[in-house]
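Single-letter residue listing:
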Amino acid sequence: VYPPLPGGIFTIGAIPVLGWEWAFMADFIGAVLGGIFNYWLARKYGISVVRSLLGKEMAANINKIKFKKEREIESIIMARIFLGSVFMELIHYAAGLFRIKFLNYLIGTLISQVIMGFILFYWLGGLLAGGNIYIIVILALVAVPIFYKYRGRYLDI
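The model shown is predicted, which means the values in this text are computed figures rather than measured ones.

Conventions we followed
- Residues numbered from 1 in each chain as written.
- Predicted model: local features only at pLDDT ≥ 70, side-chain atom pairs only at ≥ 80, totals over all residues.
- Heavy atoms only, no water.
- Buried < 20%, exposed > 50% of the residue type's maximum accessible area, 1.4 Å probe, protein only.
- Helix = DSSP H or I, 4+ residues; strand = E, 2+ residues; numbered from the N terminus.
- Arc of directions from axis to C-beta.
- Polar contact = N/O pair within 3.5 Å; in protein donor to acceptor, adjacent residues only side chain to side chain.
- Contact = heavy atoms within 4.5 Å.
- Core = buried A, V, L, I, M, F, W, Y, C linked by side-chain atoms within 4.5 Å.
- Axes fitted to C-alpha atoms, helices over the stretch in contact; angles between N-to-C directions.
- Parallel < 35°, antiparallel > 145°, perpendicular 65-115°, else oblique.
- Phe/Tyr/Trp six-rings, centres within 6.5 Å; stacked < 30°, edge-to-face > 60°.

Attention now goes to helix α4 (residues 56-64). Those residues of α4 that fall on the buried side of the exposure criterion are Met58, Ala59 and Ile62. Burial along α4 is one-sided: seen end-on, the buried residues are contained in an arc of 100°. Every exposed residue of α4 that faces more than 90 degrees away from the buried side is listed here: Lys56, Glu57 and Lys64.

This next bit is on the side chain of Thr109. Residue placement: Thr109 occurs in helix α6 (residues 102-129). Here the side chain of Thr109 touches Tyr105 through a polar contact of 2.8 Å, landing on its backbone oxygen. With residues up to four places along the chain from it excluded, the contact list for Thr109 reads Val32, Ile76, Arg80 and His92.

All right, on to the nonpolar core then. The biggest cluster of nonpolar side chains holds 24 residues, and the ones touching the most others in it are Val50, Ile62, Tyr93 and Tyr105. Mapped by element, the contributors of at least two residues to this core are α2 (20-45), α3 (47-54), α4 and α5 (72-97). In contact with Ile62, other than residues within four places in its own chain, are Ile47, Val50, Leu90, Tyr93, Ala94, Leu97 and Phe98.

Right, let's talk about the environment of Met116 for a bit. Here Met116 lies in helix α6. Each C-alpha atom, one on Met116 and one on Ile77, is 9.6 Å from the other, the two residues being 39 residues apart in sequence.

This part is about the packing of α3 against α4. The contact between α3 and α4 brings their axes to 7 Å, and the two run at 140°. One element, α3, and the other, α4, form an angle in the oblique class. Of α4, the residues touching α3 (which contributes Ile47, Val50, Arg51 and Leu54) are Lys56, Met58, Ala59, Ile62 and Asn63.

On to the packing of aromatic side chains. If you walk through the whole model with that rule in mind, you get six aromatic pairs. Centroid distance Tyr39 to Trp40: 5.2 Å. Interplanar angle 90°. Geometry classified as edge-to-face. Relative to Tyr105, the ring of Tyr39 has its centre 4.5 Å away and its plane inclined at 15°; by these criteria the two rings are stacked. Pair noted here: Tyr39 is in helix α2 and Tyr105 is in helix α6, with a separation of 66 residues, a long-range link. Assigned by exposure class, Tyr39 and Tyr105 land together as buried. Ring pairing ties together the aromatic residues Tyr39, Trp40, Phe102 and Tyr105, which thus form one cluster.

Now the structure itself:
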């Protein structure tokens with residue numbers, strides 16, 4: 001429901017043991033099933049379940065997230081890519097609370113999980129293994145302002 005440590009930490013640690021493909025599949029299945037569970041909890045019990053599980057501050061943060069109806073799938077993909085490592089569970093709960101259609105939620109979650117799995121665990125992992133930390137820093141410095149600039153496209157602010 002709300003892990004104390006992100007699952008990605010364990011996935012990265014499992015890559016040398018299991019291989020990239022099996023670690024990715026374990027992360028993919030766990031993240032999607034956990035996200036669906038969070039979505040349905042929020043959809044069924046509303047903000048009270050979020051407040052009791054994550055606290056008043058996180059519940060207040062979720063109330064600030066408003067996905068644009070005509071861009072639900074795209075919004076979920078972008079939110080999970082740019083905010084996912086920090087606010088992954090919040091995105092799942094917000095999707096349930098704001099009654100995003102389950103099919104749109106599922107499609108956005110599946111696409112973003114594939115993108116994040118490939119980018120984080122395969123491509124960026126390879127860059128880190130090769131000592132190319134500067135490329136990662138540059139990508140982050142470019143990506144954050146781009147998402148900030150286009151935030152109005154995905155979120156009602």
